[in-house]
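# Examination of the molecular architecture
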Amino acid sequence: MSVPAGGYTFGPESGRLLVKTTRTGLGAKAGHDLTIEVTRWGGEATVDPADPGGCSVVAEIDARSFEVREGTGGVKPLTDSDRADIRKNIQQKVLQADRYPAITFRSTRVEGTAAAFRIEGELTMAGVAQPVLVTGRLGDSRARGSATVTQSRWGIKPYSAFFGALKLSDDVEVEFDVALVPKA
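Below is a summary of the structure that appears in this document. (Residues numbered from 1 in each chain as written. Predicted model: local features only at pLDDT ≥ 70, side-chain atom pairs only at ≥ 80, totals over all residues. Heavy atoms only, no water.)

Core analysis: the biggest nonpolar cluster contains 45 residues, and Phe66, Leu95 and Leu180 have the highest contact counts within it. Not counting the four nearest positions on each side in its chain, Phe66 is found in contact with Val19, Ile36, Glu37, Val38, Ile61, Arg87, Ile90, Leu95 and Ile103. (Core = buried A, V, L, I, M, F, W, Y, C linked by side-chain atoms within 4.5 Å. Buried < 20%, exposed > 50% of the residue type's maximum accessible area, 1.4 Å probe, protein only. Contact = heavy atoms within 4.5 Å.)

And the structure:
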């Protein structure tokens, strides 16, 4: 079943928004590839499968709502203390969430089909707005897709430790899988 034309809302009650990081550097074996879930976010979409140009998406993310769900690789498993430290680093050093509590996305162009769409838009994060490309698909009343965010384009220095021997890759993958709820 495809998604009928109309207005929709989405958020954590109808799906997931994940940020996936990878590690690099000489000390990469000591670190973890992380799966981080955004727990407070929401958005609206206007969908018209017959006219992609008439579609639009806006979303807002609470920069203080990133929770580490999984850490793979590494010499030892992530502890609760590690998770708390990572969360603190994300909020204070990476996203500067006290100063910039909201991350926003606003589409500027939509093209493609329900089976394979592209959304060009503007992502504002840490006080900087840059273009970003989202790819995905619609089906069974769900939207699924991803975008690659290169942190340095937003003035964000990827996290590093051990004097730079362990670093997060500059590119992070943002993935979504949401049920589209018709607007009331």
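What the 12 strands build is an open sheet, ordered 7-4-2-14-11-10-9-8-6-5-1-15; its pairing is antiparallel. Looking at which strands have only one partner, the edges of the open sheet turn out to be strand 7 (66-72) and strand 15 (181-182). Bridge analysis of strand 1 (residues 6-10) against strand 15 gives 2 bridges, and the strand direction is antiparallel. Bridge pairing in strand 15 places Thr9 opposite Val181. (Pairing = 2+ DSSP bridges. Helix = DSSP H or I, 4+ residues; strand = E, 2+ residues; numbered from the N terminus.)

What follows deals with the packing of aromatic side chains. Two numbers describe a pair of aromatic rings. These are the distance of the centres and the angle of the planes. Scanning all chains against the criterion turns up 1 aromatic pair. Aromatic side chains Phe10 and Trp41 sit 6.1 Å apart centroid to centroid with 45° between the ring planes, which places their arrangement in the tilted category. Placement of Phe10 in strand 1 and of Trp41 in strand 5 (residues 41-47) is noted, with a sequence separation of 31 residues between them. Residues Phe10 and Trp41 agree in their burial class; the two are buried. (Phe/Tyr/Trp six-rings, centres within 6.5 Å; stacked < 30°, edge-to-face > 60°.)

Let us look at the pattern of salt bridges. Pairs can form between side chains of opposite charge once their charged atoms are near each other. Taken as a whole and judged by the stated rule, the model has 13 salt bridges. In this structure, the salt-bridge partner of Lys20 is Glu175, at a minimum N-O distance of 3.4 Å. Here Lys20 is found in strand 2 (residues 15-20), whereas its partner Glu175 is found in strand 14 (residues 171-179), with 155 residues between them in sequence. For Glu175, a relative accessible area of 28% gives the class partly exposed. Residue Arg69 pairs with Glu37 through a salt bridge whose shortest N-O separation is 2.8 Å. Here Arg69 is found in strand 7, whereas its partner Glu37 is found in strand 4 (residues 33-38), with 32 residues between them in sequence. A relative accessible area of 41% means that Arg69 is categorised as partly exposed. (Salt bridge = Lys/Arg side-chain N within 4 Å of Asp/Glu carboxyl O.)

The subject of this paragraph is the side chain of Ser107. In this fold, Ser107 is placed in strand 8 (residues 102-113). Non-local contacts of Ser107, meaning those with residues more than four positions away in its chain, are made with Ser56, Val57, Ile119, Glu120 and Gly121.

What follows concerns the pairing of strand 11 (residues 142-150). Here strand 11 shows a buried face lined by Ala143, Gly145, Ala147 and Val149 and an unburied face lined by Arg142, Arg144, Ser146, Thr148 and Thr150. Bridging between strand 10 (residues 128-139) and strand 11 involves 5 bridges; their strand directions are antiparallel. Across the sheet, Thr135 pairs through a bridge with Ser146, a residue of strand 11. Between strand 10 and strand 11, which pair antiparallel in sequence order, lie 2 residues; one of them, Asp140, sits at a positive phi of approximately 50°. Pairing of strand 11 with strand 14 involves 9 bridges; the strand directions are antiparallel. Within strand 14, the position partnered with Val149 by the bridge is Val172.

None of the figures reported here should be taken as evidence of function without further support.
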